[in-house]
Amino acid sequence: MISRRSFLSVAAASAMAPALRVAAQSAEWDSPVFDLHFHLRASGRANTAHLDGAGIAKANLLSRATAAEQVRAVQAEAPGRFVWFASADVTRPDSVEALTQAVKNGARGFGEMKYHAATNSAEFRRIYALAADLTVPILIHFQEVDHFENEGRWSPGFADAFESVLKAFPRTRFIGHADAFWANVSADYHNEAAYPSGPVKRGGLTDRLLGAYPNLYGDISANSGNNMLSRDPEFTRDFLRRHQDKLLFGSDCACTDGRGGGVGQANNPAASRLAGKCVARETLTLLKRSTTPEVFRKVTWDNAHRLLAIPPA
Ligand SMILES: [Zn+2]
Ligand SMILES: [Zn+2]
């Protein structure tokens, strides 16, 4: 649990100069934390409340491509704490224009890309090409198993087709995320559950792709990332060590206060293991006990700063 003293220092830090603020926000986790996967919230205060409550220094706001003005307002309220990614529906003809404009407006990547278009579809392929042309990474949600009836698959085809995409777009930097991406760390996975449990069978597809393709990164946010890291402590320690330059901490947390308030995973019963908890806190705690301080710092800070080209604080 956070101590009263470090809570106060984090809360007070919002008003400080950037260098001092990052130092104060490093207190709880011993080094500063960057949240790659944080969905933009309506009010500026709602955004910083989650960061302050979970002991997080900075976050990447996943926003619609048209949200540049709203993002600017949030950034102005909390200088130095937010960068952003833009998303647009790949099945719409104007998505290329919308994403291009968002990057001109300061977006550092595309995401979260969560659409009902196949991984290797023409619609997605033109966006992969655009990401390379604009030299920004693209964050994709891969999901094959419904969380509720008739949800439909998101970027379907990960297991069969994504390697051909990595080969065809070597200049595009992909960040994989969600159920199918992380379930496939285990070689025995065949879409039988959204979140498989139990020991990981070594040699899974996602593990192999992360090792083989310099243009692939992994976002360990959400129940999918937390579940993957929770299955098999021996695997997790080794996995973090081997991919220490490719993995990025993110929360994808919907709690209000950075302490698990106000959320119950109601529309995702399969993720009930995290109901009433802050995903950020759960995953940071898990990372802390699964790896060294050096690797922890890479996964929670350095890798994101490098990949998103964020100037050091
Ligand atoms: Zn997602
Ligand atoms: Zn939370």
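Residues numbered from 1 in each chain as written. Chains lettered and ligands numbered in written order. Predicted model: local features only at pLDDT ≥ 70, side-chain atom pairs only at ≥ 80, totals over all residues. Heavy atoms only, no water.

A.B. asks: Please explain the packing of aromatic side chains as it appears in this structure.
C.D. replies: To describe a pair of aromatic rings, one takes the distance between the centres and the angle between the planes. What the rule picks out here adds up to 12 aromatic pairs. Measuring from ring centre to ring centre gives 5.5 Å for tyrosine 128 and phenylalanine 169, while their planes differ by 70 degrees; the resulting arrangement is edge-to-face. Here phenylalanine 169 lies in the loop between helix H7 (158–168) and strand S6 (174–177) and tyrosine 128 lies in helix H6 (residues 122–133), a separation of 41 residues in the sequence. Site record: aromatic cluster; members linked through ring pairs are Phe124, Tyr128, Phe142, Phe158, Phe162, Phe169, Phe174, Phe181, Trp182, Phe235 and Phe239. In this arrangement the basic side chain of lysine 114 is found over the ring face of tryptophan 154, its NZ or CZ atom lying 5.1 Å from the centre. Just above the ring of phenylalanine 296 sits the side chain of lysine 288; from NZ or CZ to the centre is 4.6 Å. (Phe/Tyr/Trp six-rings, centres within 6.5 Å; stacked < 30°, edge-to-face > 60°. Helix = DSSP H or I, 4+ residues; strand = E, 2+ residues; numbered from the N terminus. Lys NZ or Arg CZ within 6 Å of the ring centre and 35° of its normal.)

A.B. asks: Can you walk me through the pattern of salt bridges in this structure?
C.D. replies: Side chains carrying opposite charge are able to pair once their charged atoms draw close together. Tallied over the full model, the rule gives 15 salt bridges. When the shortest N-O distance is used, the salt bridge between arginine 281 and glutamate 28 registers 2.9 Å. Of the two residues, arginine 281 sits in helix H12 (residues 279–290) while glutamate 28 sits in the loop between helix H2 (18–25) and strand S1 (34–39), which places them 253 residues apart along the sequence. You can call arginine 281 buried: its relative accessible area is 12%. (Salt bridge = Lys/Arg side-chain N within 4 Å of Asp/Glu carboxyl O. Buried < 20%, exposed > 50% of the residue type's maximum accessible area, 1.4 Å probe, protein only.)

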